[in-house]
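Chains, contacts and geometry: an overview
Letter by letter, the chains look like this.
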Amino acid sequence: MAIQWTEDLSVGNTEIDNQHKELFARVNQFLDAMNQRRGKEEVGNVLKFLESYVVEHFGMEERYMIRLNYPEVSSHKEQHKIFMDTFREIIKKYNEKGATVDVVIFTQSRLGEWLRGHIPVIDKKLASFLKAKNK
Ligand SMILES: [Fe+2]
């Protein structure tokens, strides 16, 4: 089981696209670590690795938005917050139940859905704005 970055998710900005690909890769590492029933410590490390990347990636987008007075900064940031809430819910579930099938499915479906909903609409809008600003 994996989530997949596909060409239709390209926002036309290489930096953002590359970060999205990396984000998908790290979500998949987490799913793999759970599916392979790796130890708590190892899965925990993969989870931290994913979390730090999410924070870094959202931070990059938000810095661009603030610096360039992006008009939709608050609604975009709100979407990132929703992701973080879901992500924390996943961490909580994993800590409580471990790598159960339902935690794996929950992770894959909720993060996959969010990414497929957010990237081609919200991030694409931001990327078009950046392009217009020659960023
Ligand atoms: Fe975003």
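Position labels on residues start from 1 in each chain and follow its written sequence. Totals for whole chains, interfaces and linings use all residues, but because this is a predicted model, local features are given only for residues with pLDDT of at least 70 and pairs of side-chain atoms are given and counted only at 80 or more.

Quick word on unusual backbone geometry
Threshold: A run of H or I in DSSP counts as a helix once it spans at least four residues, and a run of E counts as a strand once it spans at least two, with each numbered from the N terminus. Between the buried cut of 20 or more and the exposed cut of 12 or fewer other C-beta atoms within 10 Å of a residue's own C-beta lies the partly exposed class, and all C-beta atoms are placed from the backbone.
Phi is positive for N69, close to 50 degrees, though the residue is something other than glycine. Topologically, N69 is positioned in the loop between α2 (40-67) and α3 (73-97). Assessed through the 9 C-beta atoms surrounding it within 10 Å, N69 is described here as exposed. Positive phi is not limited to glycine here, since N134 has a value of about 60 degrees. In this structure, N134 sits in the segment after α4 (101-132). For N134, a count of 5 C-beta atoms within 10 Å corresponds to the exposed category.

What to know about the environment of K125
Structurally, the position occupied by K125 is in helix α4. Residue K125 is classed as partly exposed on the basis of its C-beta count, with 16 C-beta atoms lying within 10 Å. Separated by 53 residues in the primary sequence, K125 and E72 place their C-alpha atoms 9.3 Å from one another.

A word on the nonpolar core
Rules: When buried Ala, Val, Leu, Ile, Met, Phe, Trp, Tyr and Cys residues are joined through C-beta atoms within 7 Å, the set is termed a nonpolar core. The contact rule is simple: place each C-beta atom from the backbone, and if two of them lie within 7 Å, those residues are in contact.
In terms of nonpolar packing, the biggest core is built from 19 residues, with V27, F30, M34 and A127 touching the most fellow members. Counting residues per element, the ones that place at least two in this core are α1 (14-35), α2 and α4. By residue number, the principal contributor to this core is α1, which donates 8 residues. Apart from residues no more than four positions distant in its own chain, M34 is found in contact with V43, A99, V103 and V104.

Looking at the packing of α1 against α4
Worth spelling out the cut-off: The convention used is that axes are lines fitted to C-alpha atoms, helices contributing only their stretch in contact, and that angles between N-to-C directions extend from 0 to 180 degrees. We call two directions roughly parallel when the angle between them is under 35 degrees, roughly antiparallel when it is over 145, roughly perpendicular when it lies between 65 and 115, and oblique otherwise.
Running from amino to carboxyl end, α1 crosses α4 at an angle of 175 degrees, the nearest separation of the two axes being 11 Å. In terms of axis orientation, α1 runs roughly antiparallel to α4. Where α1 abuts α4, its residues I16, H20, V27, F30, L31, M34 and N35 lie against V103, V104, T107, Q108, L111, I119, D123 and A127.

Structural notes on α1
This is how it is decided: The span you would expect from a helix comes to 1.5 Å times its residue count less one.
The terminal C-alpha atoms of α1 lie 31 Å apart, and with 22 residues this matches the ideal 32 Å at 1.5 Å per residue to within 8%. When we look at burial in α1, the residues that qualify are I16, H20, L23, F24, V27, F30, L31, A33 and M34. Immediately beyond the C-terminal end of α1, within one or two residues, lies R37, with a positive phi of roughly 50 degrees.

Honestly, that's just the spatial picture; any functional story needs more than this.
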